[in-house]
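# Survey of secondary and tertiary structure
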Amino acid sequence: MPGLYIVATPIGNLGDISARASTTLASAAVIAAEDTRVTAKLLSHLGLRVPMTPYHDHSDERARAALVARMEQEIVVLVSDAGTPLVSDPGYKLVRDARAAGRHVTTLPGPCAAIAAITLSGLPSDRFLFAGFLPNKAKARADTLTEFAGLRATLIFYESGPRLSASLAAMADVLGDRDAAVAREISKMFEECVTGSLTQLSARYADAPPKGEIVVIVGPPGEIMAEEADDDTLDAALRAAMNDKPVAQAAKAVARRFGRDRHDVYARALTLKDQG
Ligand code: SAM
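Just so you know, these numbers come straight off a predicted model, no measurement behind them. (Residues numbered from 1 in each chain as written. Predicted model: local features only at pLDDT ≥ 70, side-chain atom pairs only at ≥ 80, totals over all residues. Heavy atoms only, no water.)

### Some remarks on the environment of Ile186
So the rule is basically this: Note on conventions: DSSP H or I runs of at least 4 residues are helices, E runs of at least 2 residues are strands, and numbering of each starts at the N terminus. To sort residues, take the accessible area from a 1.4 Å probe on protein chains only and compare it with the maximum for the residue type: under 20% means buried, over 50% means exposed, and anything in between is partly exposed. It only takes one pair of heavy atoms within 4.5 Å for two residues to be counted as in contact.
You can see Ile186 is positioned in the loop between β8 (179–184) and β9 (192–197). What makes Ile186 buried here is its relative accessible area of 11%. Separated by 22 residues in sequence, Ile186 and Ala208 have C-alpha atoms that sit 19 Å apart. Ile186 has contacts with Ile11, Gly12, Ala113, Ala116, Ala117, Leu120 and Glu191, leaving out every residue within four places of it along the chain.

Have a look at this one:
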C-alpha cells in the first residue's frame, strides 16, 4: 500500500533490523534518509539497492512536499541514522504533512536507545520522561533540569562523552543526588551500564570522559525527599543552591525538589539571605 513507512533501524548491532523492516526497505520507491551515506551501509549489509534522498525537518518545504506527493502512489520509507526516526531525530514535520494530506502513515517499531537504556538500568520504568539532549550552556541546562525536578518519574537523557561528567554534576545539583545509570554503546561490542548516585557517577567520569554513545537514566525523587524534608534540610538545600544561583532560581529549584510551595520557599530564601 502506498504511503509513509517510518522504519526503525539498529542502534549498533545490524542484526537488530527486523524482517519486516528489511522487506519494507526493499519495496520502497524512495528512502528518505537523515544521512544517505549512513543508510547506504545498512542497505549494503542487507544486499539492497534502493533510491535514497536526504531528508531533514529543516529540508526545504518543496523537498517535503515532493515526498508527500509521492506517497499518494508509492512507498516512501523514512529512516534516521540509527534507531527510531523522530526520537531526537528528523521526521516530525514529514509525518505531520503526510497526515495533513491524508496519506497512509504507518510505523515499523524497533530499536530506540532511550527504551533500551531504561531496560538496562534497573531504575523504575513504570513512569518515565524522555528529555532528549540537554542544552549545552550551563544556565539553560540548569533551567531545563529545574523544569523536571518535581516530576515523580524516571528521566532519560541522551548525552555525549565530553559533556557527561558536567551534566551529571548539574543533575545532582538541581535534582538532588538521585540513583542513576549511564548506559553506553548499547548492542555494540563494548556495551556497559554503570549505576550509582549522580555524584558518584559524575566523579567517576570527571577525569576519563567515556567514548561512544551514551544514555543517562535518572531515577525519580525518593519518597524521603518529599516526606522527610524538615525545615533544617530545606534551609541547607536553599543555602547550597543560593551559592551559585540567584535567590528566585534557587527557591524555585528547591521548592520543586522538595515538593514545597514556591512562594513559601522564596520567602524563606529571602530570610536566609538577610541573615547572611
Ligand atoms: N533516534 C535514535 C533512537 O531511537 O535512539 C536516537 C538518535 S540521537 C540523534 C543519538 C543519541 O542516541 C546518541 O547521542 C546517544 O545519546 C543515543 N544512542 C544512540 N545509539 C546508542 C547506543 N547504541 N548506545 C547508547 N546510546 C545510544
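### A word on the domain arrangement of the protein
Note the threshold: Segmentation into domains, and thus their bounds, comes from an automatic or database assignment. Buried area is a sum: the accessible area each of two parts loses on coming together, probed at 1.4 Å, counted once for each and added. What makes a salt bridge here is a side-chain nitrogen of Lys or Arg within 4 Å of a carboxyl oxygen of Asp or Glu, nothing more. The term polar contact refers here to a pair of N or O atoms within 3.5 Å; inside protein, the definition further demands a hydrogen-donor-capable atom paired with an acceptor-capable atom, and it admits residues adjacent in sequence only when both atoms are side-chain atoms. When residues are grouped by polarity, Ala, Val, Leu, Ile, Met, Phe, Trp, Tyr, Cys and Pro land in nonpolar, Asp, Glu, Lys and Arg in charged, and all others, Gly among them, in polar.
According to the domain assignment, the protein contains domain 1 (3–111), domain 2 (114–221) and domain 3 (225–275). Once you take the C-alpha centre of each, domain 2 and domain 3 turn out to be 24 Å apart. Interface area, domain 2 with domain 3, both sides summed: about 840 Å², of which 55% is carbon and sulfur. Between the two partners, domain 2 and domain 3, sit one salt bridge. Note that Asp173 is salt-bridged to Lys245, the shortest N-O span being 3.2 Å. For the pair domain 2 and domain 3, the interface holds one residue pair in polar contact (both at pLDDT 80 or more). Only α6 (138–148) and α7 (161–175) provide two or more residues apiece to the side of domain 2 that touches domain 3. In the side of domain 2 that touches domain 3, the residues fall into four nonpolar, three polar and six charged.

### Remarks on the environment of Asp81
Within the secondary structure layout, Asp81 lies in the loop between β4 (75–79) and α4 (92–100). Since its relative accessible area comes to 31%, Asp81 is described here as partly exposed. Each C-alpha atom of the pair Asp81 and Thr36 lies 8.4 Å from the other, and the pair is 45 residues apart in sequence. Asp81 has contacts with Thr9, Glu34, Asp35 and Val38, leaving out every residue within four places of it along the chain. Only 3.3 Å separates the side chain of Asp81 from the backbone nitrogen of Asp35, close enough to count as a polar contact.

### Remarks on the site of the ligand
For clarity, the cut-off: If even one non-hydrogen atom of a residue comes within 4 Å of a molecule or strand, that residue is called near it. Only the protein chains shown count as cover for residues, with accessible areas throughout obtained via the Shrake-Rupley method and a probe of 1.4 Å. With a 1 Å grid laid over protein atoms only, a set of points is called a cavity when a 1.4 Å probe fits there but cannot get out and a pocket when it is open yet has protein on both sides within 12 Å along at least five of seven lines; lining residues have an atom within 4 Å of a point. For this analysis, a molecule is said to be in a pocket or cavity if more than half of its atoms are within 2 Å of the grid points defining it.
Around the ligand sit 18 residues in total, of which Thr84, Asp89, Ala113, Tyr158 and Ile214 are the nearest. At a separation of 3.3 Å, a nitrogen atom of the ligand approaches a polar backbone atom of Ala82. Here an oxygen atom of the ligand and a backbone polar atom of Ile214 are 2.6 Å apart. Burial of the ligand by the protein amounts to 90% of the accessible area it has alone, namely 570 Å². When atom positions are compared with the pocket grids, the ligand is found to occupy the largest pocket. A per-element tally of the shell around the ligand places strand β10 (residues 213–218) first, with three residues. Along the lines of polarity and charge, the residues of the shell around the ligand split into 10 nonpolar, three polar and five charged.

### Regarding the packing of aromatic side chains
Let me state the cut-off plainly: Classification of ring pairs rests on two measures: the distance between centres of Phe, Tyr or Trp rings, Trp counted by its six-membered ring, which must be within 6.5 Å, and the angle between planes, read as stacked under 30 degrees, edge-to-face over 60 and tilted in between. Geometrically, a lysine NZ or arginine CZ counts as sitting over a ring once it is within 6 Å of the ring centre and also within 35 degrees of the ring normal.
Tallied over the full model, the rule gives three aromatic pairs. Their ring planes at 65 degrees and their centres at 5.0 Å tell us that Phe130 and Tyr158 sit as a pair that is edge-to-face. A residue pair is termed long-range when its members are at least 10 positions apart, and Phe130 in strand β6 (residues 128–133) and Tyr158 in strand β7 (residues 154–160) qualify at 28 residues. For Phe130, a relative accessible area of 32% translates into the label partly exposed. Taking NZ or CZ as reference, Arg96 lies 5.6 Å from the ring centre of Tyr92, over its face.

### Regarding α7
Selection criterion: An expected span of 1.5 Å times one less than the residue number is assigned to each helix.
When the terminal C-alpha atoms of α7 are compared, their 21 Å separation across 15 residues agrees well with the 21 Å that a helix rising 1.5 Å per residue should span. With 11 of 15 residues buried, α7 lies mostly within the body of the structure. For α7, every residue scored as buried is listed here: Gly161, Arg163, Leu164, Ser165, Ser167, Leu168, Ala170, Met171, Ala172, Val174 and Leu175.

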